[in-house]
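Here are the chains, one letter per residue:
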Amino acid sequence: MTTGRSADDVLADLATLRAADPPTHGGRVLSYVYDPGRADLDEVAAQAVRLFLPVNGLDPTTFTSVAALERRLVAFARDVLHGDAGTVGSVTSGGTESCMLAVKSARDLWRAADPGRAHARPTLVLPTTAHPAFHKAAHYLDLDVVPVPVDPATGTPSAADVLAVVDERTALVVVSAPSYPFGAIDPVAEVAAGAAARGVACHVDACVGGWVLPWWGDVDQPWDLAVPGVTSISADLHKFGYAPKGASVVLYRARERHHAQYFATTAWPGYPVVNPTMLGSRGAGSMAAAWAVLQVLGTDGLAELVGATRQATDRLIEAAGAVRGLRVVGTPTGPLVALAADDSLPATEQVDPFLLIDEVRRRGFLLQAQPAMVQPDGSVLPRTAHLTVTAVTHGIVEELVEALVAAADAVRGLPAAVPDASLAGRVLTEGLPDELAGVMATLEALPGEVVHPLLIAVLAAAIDPARE
Ligand SMILES: Cc1ncc(COP(=O)(O)O)c(C=O)c1O
């Protein structure tokens, strides 16, 4: 038994918890959060959430408001992403769910195409830079992933390499616009054309790019539903649509693909179940907020935010590229940038990205560590520091550049962070240290079979009531 508390007291508690988080506004955190720098958008989103808080999106025939909102959001996305009258889709809880549903749809259509495949295990072909949401989809939905190496210099795969592993077992080929690790756009048109010629579906993961590339400017290749052969596309509203977390769109070129995403059953004595997405009951607050934010912005408002994002990204790439010992990986198209050590210089002049991240953190900015990866062909993708640039970065880009320059000066020539076997045990008992370079280097060095259970144990421990 517990005694109820006053709302003020409870809210004060929540505020204390939030105070321990890094700032979600102001551009200090260069991953996870997307800040347009507009308090009016936060406010309209909060009011929209409040209006839709009690609604259950499980049944849009009862709550017709949800169906109307979803139609409007799908129509808005369809226009932005060059769909046509045949383009349909759903609003989901986020990028992972959009990607997983695209895989489910492709798997079910692949199985339905031939009675001999009814229980067979298809493949999912993807560049190594594709988001892990697809590995998760393969894990949940019983597909085998066929990873295709990317060029370590550019971060993109060759279309020929991707198509070389497409065969009759392939349910879906994935390309990204852009991919998260290095911000590169995959060769969408060539891959989609080749997949179509083989009768295979092709998904464009535009979870990041879908709401930013349309206004980026000189994108040198088509990447959306305008490309023949693209059968589905995902675009996250809670990233560059500047909606609160919990909203993404997945679109299909044809209605049968969308229908294959659904689950329906009457095999129980309760209400007939028809679920378009992974969830049963689903909140409509984030959908309402996403729609409200897009309406307040309009495409001209989105274009303006992308303009600021572009300027900040260009400045960052120019400045980071000029820091001795660092290099920008490839030529990013869009707001994602990865910084690696400049290995054309002697080790004494290189800047280790993991050491850089710890130093930049002391100067008030959070970058994200991306460990090195050995690809299936033996080539190595470098360890990097990742930055997601958003509209608000524009106002603080010089401060960020100063932090990068000073941090690089502090660590240039220092031995790169190395694994430390004792760290694993310490992290389990003591939690994560402030300085993460050693932890990331250890993760990088350990094989997946060792590191995956370890990561799970650390994250599960963080929410174990025994810790409260
Ligand atoms: C390219 C790409 N696809 C998919 C996702 C998954 O999105 P979410 O974190 O919303 O599930 C992300 C997330 O960063 C991403 O960058």
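Residues numbered from 1 in each chain as written. Predicted model: local features only at pLDDT ≥ 70, side-chain atom pairs only at ≥ 80, totals over all residues. Heavy atoms only, no water.

> Can you walk me through the overall build of the protein chain in this structure?
Tallying secondary structure elements over the protein chain gives 14 helices and 15 strands in all. Evaluated residue by residue, the protein chain yields a buried proportion of 51% over its 468 residues. Put simply, of all contacts in the protein chain between residues at least 6 apart along the chain, 71% involve residues at least 24 apart. In the protein chain, which carries 33 positive and 52 negative side-chain charges, the distance between the mean positions of the two groups comes to 5 Å. (Helix = DSSP H or I, 4+ residues; strand = E, 2+ residues; numbered from the N terminus. Buried < 20%, exposed > 50% of the residue type's maximum accessible area, 1.4 Å probe, protein only. Contact = heavy atoms within 4.5 Å. Lys, Arg positive; Asp, Glu negative; His and termini not counted. Charge placed at Lys NZ, Arg CZ, Asp CG, Glu CD.)

> Help me understand the domain arrangement of the protein chain, please; the structure alone is not making it clear to me.
Interfaces are often sized by the accessible area lost when the parts come together. On domain assignment, one finds that the protein chain holds domain 1 (47-293) and domain 2 (423-467). For domain 1 versus domain 2, the distance between C-alpha centres works out to 31 Å. (Domains from an automatic or database assignment.)

> Help me understand the sheet that holds strand 7 (residues 248-252) in this model?
The strands making up a sheet are joined through hydrogen bonds of the backbone, oriented either antiparallel or parallel. A sheet is described by the order of its strands in space; here seven strands give the open sequence 1-7-6-5-4-2-3, paired in mixed fashion. The open sheet has two edge strands with one neighbour each: strand 1 (88-92) and strand 3 (144-148). The mean inter-strand angle of the sheet, taken between neighbouring strand axes irrespective of direction, is 20°. With three bridges connecting them, strand 5 (residues 201-205) and strand 6 (residues 232-236) associate as parallel partners. Bridge pairing in strand 6 links Asp205 to Ser234. Together, strand 1 and strand 7 form the strand contacts of helix 3 (residues 64-80), whose direction differs from that of strand 1 by roughly 115°. (Pairing = 2+ DSSP bridges. Axes fitted to C-alpha atoms, helices over the stretch in contact; angles between N-to-C directions.)

> Mind showing me how you'd approach the site of the ligand here?
Near the ligand the following residues occur: Gly94, Gly95, Thr96, His131, Tyr180, Asp205, Cys207, Val208, Asp236, His238 and Lys239. In this structure, a nitrogen atom belonging to the ligand sits 2.6 Å away from a side-chain N or O atom of Asp205. Measuring from an oxygen atom of the ligand, one finds a side-chain N or O atom of Lys239 at 2.9 Å. (Near = heavy atom within 4 Å. Polar contact = N/O pair within 3.5 Å; in protein donor to acceptor, adjacent residues only side chain to side chain.)

> Whenever I open this one, the nonpolar core confuses me. Can you help?
Note on soluble globular proteins: their nonpolar side chains tend to be buried together. Counting residues in hydrophobic clusters, the biggest one holds 66 residues, and the most contacted among them are Trp211, Trp223 and Leu237. For this core, the element with the highest residue contribution is helix 9 (residues 285-321), accounting for 11 residues. In this view, Trp211 contacts Phe76, Ala77, Val80, Ala235, Asp236, Leu237, Phe240, Gly241, Leu294, Leu302 and Val306; residues no more than four positions away in its chain are not counted. (Core = buried A, V, L, I, M, F, W, Y, C linked by side-chain atoms within 4.5 Å.)

> Help me out: how do you make sense of the environment of Gly183 in this one?
Here Gly183 lies in the loop between strand 4 (170-176) and helix 7 (188-197). In this structure the C-alpha to C-alpha distance between Gly183 and Ala292, which are 109 residues apart in sequence, comes to 28 Å. Non-local contacts of Gly183, meaning those with residues more than four positions away in its chain, are made with Pro178, Pro332, Thr333 and Leu336.

> Honestly, the packing of helix 12 (residues 421-430) against helix 14 (residues 448-462) in this entry has me stumped. Any pointers?
A packed helix pair is summarised by two numbers, namely the angle formed by the two axes and the spacing between the axes. It is the contact of helix 12 with helix 14, at a shortest axis distance of 9 Å, that shows an interaxial angle of 25°. Here helix 12 is positioned roughly parallel relative to helix 14, judged by the angle of their axes. Seen from above, helix 12 lies across helix 14 with left-handed handedness. Contacts between helix 12 and helix 14 pair Ala424, Val427 and Leu428 from the former with Leu454, Ala457 and Val458 from the latter. (Parallel < 35°, antiparallel > 145°, perpendicular 65-115°, else oblique. Left-handed = near helix turned anticlockwise from the far one by under 90°.)

> Help me understand the sheet that holds strand 11 (residues 336-341) in this model?
Read across the open sheet, the four strands follow the order 10-11-15-12; overall the sheet is antiparallel. This sheet does not close on itself; its edge strands, each paired only once, are strand 10 (326-328) and strand 12 (368-370). Each strand of the sheet is rotated relative to its neighbour by a mean of 35°, with strand direction disregarded. Relative to strand 15 (residues 384-388), strand 12 runs antiparallel, the two sharing three bridges. Residue Gln368 lies in a different strand from strand 15, and its bridge partner there is His386. Relative to strand 10, helix 9 is tilted by about 145°, and along the sheet it contacts strand 10, strand 11 and strand 15. In this fold helix 10 (residues 353-362) packs onto strand 10, strand 11, strand 12 and strand 15, with an angle of close to 50° to the strand it touches most, strand 15.

> Which parts of the structure should I look at to understand the pairing of strand 3?
Across a regular strand the side chains alternate sides, sitting on one face of the sheet and then on the other. Note: strand 2 (residues 123-127) against strand 3, five bridges, orientation parallel. Paired with Val125 across the strands is Val146, a residue of strand 3. Chirality of the crossover, the property in question, places the unit of strand 2, helix 5 (residues 133-141) and strand 3 among those that are right-handed. (Right-handed = clockwise from strand over helix to strand, strands pointing away.)

> How should I be thinking about the packing of aromatic side chains in this particular structure?
Two aromatic rings are characterised by how far apart their centres lie and by the angle between their planes. Counting across every chain of the model gives four aromatic pairs. Arranged with centres 5.0 Å apart and planes meeting at 80°, the rings of Tyr34 and Phe240 form a pair that is edge-to-face. Residue Tyr34 is found in the loop between helix 1 (7-19) and helix 2 (39-52), and its partner Phe240 is found in the loop between strand 6 and strand 7; the two are separated by 206 residues along the sequence. The residues Tyr34 and Phe240 share a single accessibility class, namely buried. Among the aromatic residues, those joined into a cluster by ring pairs are Tyr34, Phe240 and Tyr242. (Phe/Tyr/Trp six-rings, centres within 6.5 Å; stacked < 30°, edge-to-face > 60°.)

> Please explain helix 11 (residues 393-411) as it appears in this structure.
Owing to its 3.6 residues per turn, the α-helix aligns residues three or four sequence positions apart on the same side. Residue Glu399 marks the point of greatest curvature in helix 11, where the axis turns by about 35°. Looking only at helix 11, the buried set comprises Thr393, Ile396, Val397, Leu400, Val401, Ala403, Leu404, Ala407, Ala408 and Val411. The inward-facing, buried residues of helix 11 contact helix 9, strand 11, helix 10 and strand 15. Directly beyond the C-terminal end of helix 11, a positive phi value near 85° is found at Gly413. (Bend = angle between axes of the 7 residues up to and from the residue.)

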